[in-house]
Amino acid sequence: MENPAFEKSKDDPPLYEETPFSSNGYGNGDHRSVRPSVVSAFGHDTLDRVPNIDFYRNAGSVSGHRAIRPSLQELHEVFEKNGDLDVHDTMDDGEGSDVLPNDDLEAIASPEDNGGVVKFGWIKGVLVRCMLNIWGVMLFIRLSWVFGQAGSGLGIIIIILSMVVTTLTCLSMSAICTNGVVRGGGAYYLISRSLGPEFGGSIGLIFAFANAVAVAMYVVGFSETVVDLLKVNDAIMVDEVNDIRIVGCITVVLLLGISVAGMEWEAKAQIALLVILLLAIANVFVGTAIPATEEKRAKGFYSYQASIMAENFTPNFRDGETFFSVFAIFFPAATGILAGANISGDLKDPQGAIPIGTLLAIFITGITYLGIALCVSATVVRDATGNLNDTITPGAKCNFSVACNFGYDFSICRTTKCQYGLMNNFQVMTMVSGFGPLITAGTFSATISSALASLVSAPKVFQALCKDNIYKALHFFAKGHGKNNEPIRGYVLTFVIAVAFILIAELNIIAPIISNFFLASYALINFSCFHASYAKSPGWRPAYKYYNMWLSLFGAVLCCAVMFVINWWAALLTYAIEMFLYIYVTVKKPDVNWGSSTQAVTFVNAVNNALTLSGVDDHVKNFRPQCIVLTGTPKTRPALLDLAHSITKNYGLCITCDVFVGPRLEQQQALTAAMEQNQMWLNQQKRKAFYAAVASDNFREGAESLLQASGLGRLRPNTVILGFKRDWKTVYTANVQEYVGVLHDAFDFEYGIVMLRISQGLDISHILEAEEEMERMLVEQQALENEIEENGFQEGRKYFFKRSRKLSQKTHATKVTMEVPHSSDVAKINQRLVEASSQFKRKQGKGTIDVWWLYDDGGLTLLLPYILTTRKKWRECKLRIFIAGQPGHLEQDKEEMQSLLKKFRIKCTDITVIADFNIRPSSENWKLFEDMIEPYRLHEGSKDTAQAEALRKEHPWKITDAELDRFEDKTSLQLRLNELLQESSRAAKLIIVSMPIARKGSVSDHLYMAWLEALTKNVPPTLLVRGNHKSVLTFYS
């Protein structure tokens, strides 16, 4: 079943185009028929089709129509049934033999919209965005300080280490995004499709939030620079803090206008900002080559000097700074590599654009950082006063810094805080440049471009997250507008978040958290690549080959380490938030299936564990009931399923089984449909069980196949759970023989048997069919009413149908579940049946589970009730044990049982020893039993020999007089035991009784069913249990 909020509309999900190698080769967009005659290829007419890409598209592909290949059934049967080749060439969404309900659907784009969609290439869409996002204010404001503290030697290591982290992440991202078509959503899309919705949903939300807050960070950086200029020119409007808020809010409004105008306008703005930024960078290189003026010399700038480079090579950490603290300050300047991936839905070829654009951006920006830093380190000293009079007096000694070689003595900086030099002046770039105002413009460009990239990224990622409906409350933000499917609602939300943090105007605390959010995304991208490689799934075939799974793992670990280096408490907070969201998504279980590597690894681990288990012999201490439950369709016998689930819960194997009776070819289609539907129903009901079905000519043969073939290795069932055949007296003889035959087969295969009887019955299929029919009638009535209203029929007829609909809804809501609508007696019976069928779903109150352990069957009769008492629903129930004892040895038998239970460590409230099993049951019970079996008796004793022999041949299944005489004591025991059950266990929540065994060839099927009927009538819900007589309990450690 598809996610109900996962729309197939032109707004869902962001539009994309497939890569050139996946197109159909027709430039006009026409769909080539994929089912032409292939006589020329094979020499004869055939339904088989040659390979074609359209067979492999998802439903609703925007880059071509999805075609349907001939199904296996068509190829196998069509000539027998039809003798023709009438098979459709194409298909509608969701139609066809190989459509999966959880396919990752593409958007359905209308033809008129496709022509105006704006798509970007790798340069404008990825390279430019990544460079602008990586080049931030750090380039002009803090880079000189980093190299002043760490020296050019360690400074180079800081930049290279940052590049290693981002490059490894980019290699992993390249592998992931070339392993299939990439849609919109950026980091969220890559992680969710690789690791699944749990990881993707958790990181997607915090990544979108981080981008939204990053807008505020960059805008505040821009506003602070503007306010500094206002302060220099004495043009402060209110005060510094409020001016930052005013300028920031105005800036965000303008950026929002550019973004909402469309991606095309935003891209043009980015190009203009890039030009300004490149001019500012070039301005720095040019300025360092211009000979220094006296004013600049006083501020520590002396053009290129080898002595300055040598002095600045070694570190000189001050003010408590260390290598890691300086690295933590610089590293955020290296982030921004996901700017291109975040708009993956707006790229022409995201598979090709993201790897080359991102890697080239990392290389160019890394070289730029190194080039500018080394240029400044070779031209500017660490400390300078800026005072033109601080020259060396003739004859005086100067050894403070290399500036002494150029005639300046800055030794006063040893005791006094100076204002200039690499360590003190954040405006070093402005000083060394050829034209200072251009550096200010570059600072503006860097902050505005980063803010604009984040303002676009946050809504795009958030929209993709909302479309997948992982957080149902956020689906409102999934809707897109216009030809580019713009997330207008997401833009407004991002704007509100950005303005809120701008008004706070204190981002020093939030900044490390945001950096850690980005790093968490990088770590998961690296881990996604490692995980997919480790799973060795055949579907992991990335076109990009320059990656290594162990390098990806190293990158993930490195990202996590950097998170703690930047800020340990922010790292812990990030992990805590991500863990909370992961648990939330896991609990909610979104209805999506993306073929994640988590699924692949789970499968591999399951196979390996099953193989490992097969190499270990079973041990009685590890015995647990592994149940095969003959429920038929699981929802038709809920009581049987609920009780089996209580026994196995999450700790044992439970297989619900169904036998489709009839010719296999006729039943195959229904069986195939039932497999998926019933397994899905079990999952929806949170029943930890599998569903298995077979088609067979009769019930016994089908059950025999299930008993022999179910399970895998040591994961094989050892206990059969089935319901008592309540209608055995009215069905055909063959049906009774098949039912009892299943019991014989189970014993032959050494299964334990558990039979449940509830007086009201177990099967509610007729009630479910009636409800489904009612629902179908309501739907038809609603459709008819809508049609009448659309066609403008008279008001009176509208009123009639409305009234009729309300009446039907009321009837359905009260669940009057009756097979014959006009029979109140049948309705009451069905109501009691429904209530009885749901009794094991509810928590059982205080009461007892009465265990009549009459025969030693290996301990299964005692183990099952103990397991039930460990479950939450049965925890308030206490065990009472009833055993058979010899007259005169009652106390001794009781003490022996107490000792045995103590060794087994099984607690019970009472042990009762019964000594009067051999008392003959009441004559009334005998009479009822004789009346019950009368239709099935042969009565050969009153016939002559010839007639008796003829009757035996004609009715070999009937109960003979000799058989009744031979098993009179056993019959008497069942009747007497029922009387004892009514006397002692009438108030029990559940009765568990040792099940009598019918010896093959000796006890007729109807006599055996009569025993079971007599034993379990007029008592609370009863389990007849018989183990396979192999020990399932032990008192050894």
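Every chain begins its residue count from 1, and numbering advances along the sequence as written. Given that this is a predicted model, residues contribute local features only at a pLDDT of at least 70 and side-chain atom pairs are listed and counted only at 80 or more, while totals for whole chains, interfaces and linings are drawn from all residues. Side-chain measures were taken over the full set of non-hydrogen atoms in the model, leaving aside hydrogen atoms and water.

If you check an unreviewed UniProt entry, the protein chain appears there as Solute carrier family 12 member 1 from Electrophorus electricus. UniProt positions are given in the numbering used here, feature names are shortened, and annotations may be inferred rather than shown by experiment. Taken directly from UniProt, the Catalytic activity (unreviewed entry) text for the protein chain runs: "K(+)(out) + 2 chloride(out) + Na(+)(out) = K(+)(in) + 2 chloride(in) + Na(+)(in)". UniProt lists a comment for the protein chain under the heading Sequence similarities (unreviewed entry), and it reads "Belongs to the SLC12A transporter family."

Enquirer: Looking at this structure, I do not really get the pattern of salt bridges. What am I missing?
Expert: Between side chains of opposite charge, a pair can form when the charged atoms approach closely. Salt-bridge detection follows one rule: a side-chain nitrogen of Lys or Arg within 4 Å of a carboxyl oxygen of Asp or Glu. Summed over all chains, the structure comprises 26 salt bridges. In this structure, arginine 687 and aspartate 642 form a salt bridge, with 3.0 Å as the shortest nitrogen-oxygen distance. Highlighted residues: arginine 687 in the loop between helix H23 (664–684) and strand E3 (690–696) and aspartate 642 in helix H22 (residues 638–648), separated in sequence by 45 residues. Only protein chains enter the accessibility calculation, which uses a 1.4 Å probe; a residue is then buried when its area is under 20% of its type maximum, exposed when over 50%, and partly exposed in between. With a relative accessible area of 13%, arginine 687 lands in the buried category. Overall, aspartate 642 belongs to the buried group, its relative accessible area being 3%. A salt bridge links arginine 700 to aspartate 745; its shortest N-O distance comes to 2.9 Å. Separated by 45 residues along the polypeptide, arginine 700 in helix H24 (residues 699–709) and aspartate 745 in helix H25 (residues 733–748) bring together distant segments of the chain. Members of the salt-bridge network, linked through shared partners, are Asp617, Asp618 and Arg714. Helix and strand assignments come from DSSP, with helices taken as H or I runs of at least 4 residues and strands as E runs of at least 2, each series counted from the N terminus.

Enquirer: I keep staring at the state of the cysteines and nothing clicks. Help me out?
Expert: Put plainly, two cysteines are in a disulfide when a covalent bond ties their sulfur atoms together. Disulfides are defined as pairs of cysteine sulfur atoms found within 2.5 Å of each other. Following the criterion strictly, the structure yields one disulfide and no others. Between the sulfur atoms of cysteine 413 and its disulfide partner cysteine 418 the distance amounts to 1.8 Å. Taking the sign of the torsion about the S-S bond as the criterion, the disulfide between cysteine 413 and cysteine 418, at about -105°, is left-handed. Note on accessibility: cysteine 413 and cysteine 418 belong to one class, buried. The structure places no disulfide on cysteine 560, whose sulfur is separated from the nearest cysteine sulfur, that of cysteine 559, by 6.9 Å.

Enquirer: Looking at this model, I keep getting lost on the nonpolar core. Mind explaining?
Expert: When a protein is soluble and globular, its nonpolar side chains tend to lie buried together. Put simply, a nonpolar core is a bunch of buried Ala, Val, Leu, Ile, Met, Phe, Trp, Tyr and Cys residues held in one set by side-chain atoms that sit within 4.5 Å of each other. Grouped together as the largest cluster of nonpolar side chains are 137 residues, with contacts concentrated most on Phe140, Leu143, Phe330, Leu338 and Tyr369. Element by element, the count of residues in this core is highest for helix H8 (residues 197–232), at 15 residues. In this structure, Phe917, Trp926, Ala988 and Leu1007 belong to the second largest nonpolar core, which totals 57 residues.

Enquirer: Where do I start with the pairing of strand E2 (residues 654–661) in this structure?
Expert: Regular strands place their side chains on alternate faces of the sheet. Burial within E2 is extensive, with seven of its eight residues counted as buried. If DSSP finds at least two bridges between two strands, the strands pair. Pairing between strand E1 (residues 627–629) and E2: three bridges, direction parallel. Paired with valine 629 across the strands is threonine 656, a residue of E2. Bridge count between E2 and E3: seven bridges; the pairing is parallel. Opposite valine 659, over in E3, you have valine 694 as the bridge partner. Crossover handedness is defined by viewing with both strands directed away from the observer: a clockwise path from the first strand over the helix to the second marks the crossover as right-handed. For the handedness criterion, the β-α-β arrangement of E2, H23 and E3 is classed as right-handed.

Enquirer: What is the right way to look at the sheet that holds strand E5 (residues 752–757) in this model?
Expert: Within a sheet, adjacent strands bond to each other through the backbone by hydrogen bonds, running parallel or antiparallel. Pairing within the open sheet is mixed, and its 10 strands lie in the order E3-E2-E1-E4-E5-E10-E9-E6-E7-E8. Either end of the sheet is taken by a strand with one partner, and the two such strands are E3 and strand E8 (910–914). Neighbouring strand axes in the sheet, compared pairwise and without regard to direction, differ in orientation by 20° on average. Sheet analysis places strand E4 (residues 719–723) next to E5, joined by five bridges and oriented parallel. The angle between two axes is taken between their N-to-C directions and runs from 0 to 180 degrees, where each axis is a line fitted to C-alpha atoms and a helix contributes only its stretch in contact.

Enquirer: Is there a simple way to explain the environment of leucine 551 in this structure?
Expert: With respect to the helices and strands, leucine 551 occurs in helix H19 (residues 549–566). For leucine 551, a relative accessible area of 42% puts it in the partly exposed group. Through-space distance from the C-alpha of leucine 551 to that of phenylalanine 527 is 9.9 Å; in sequence the pair is 24 residues apart.

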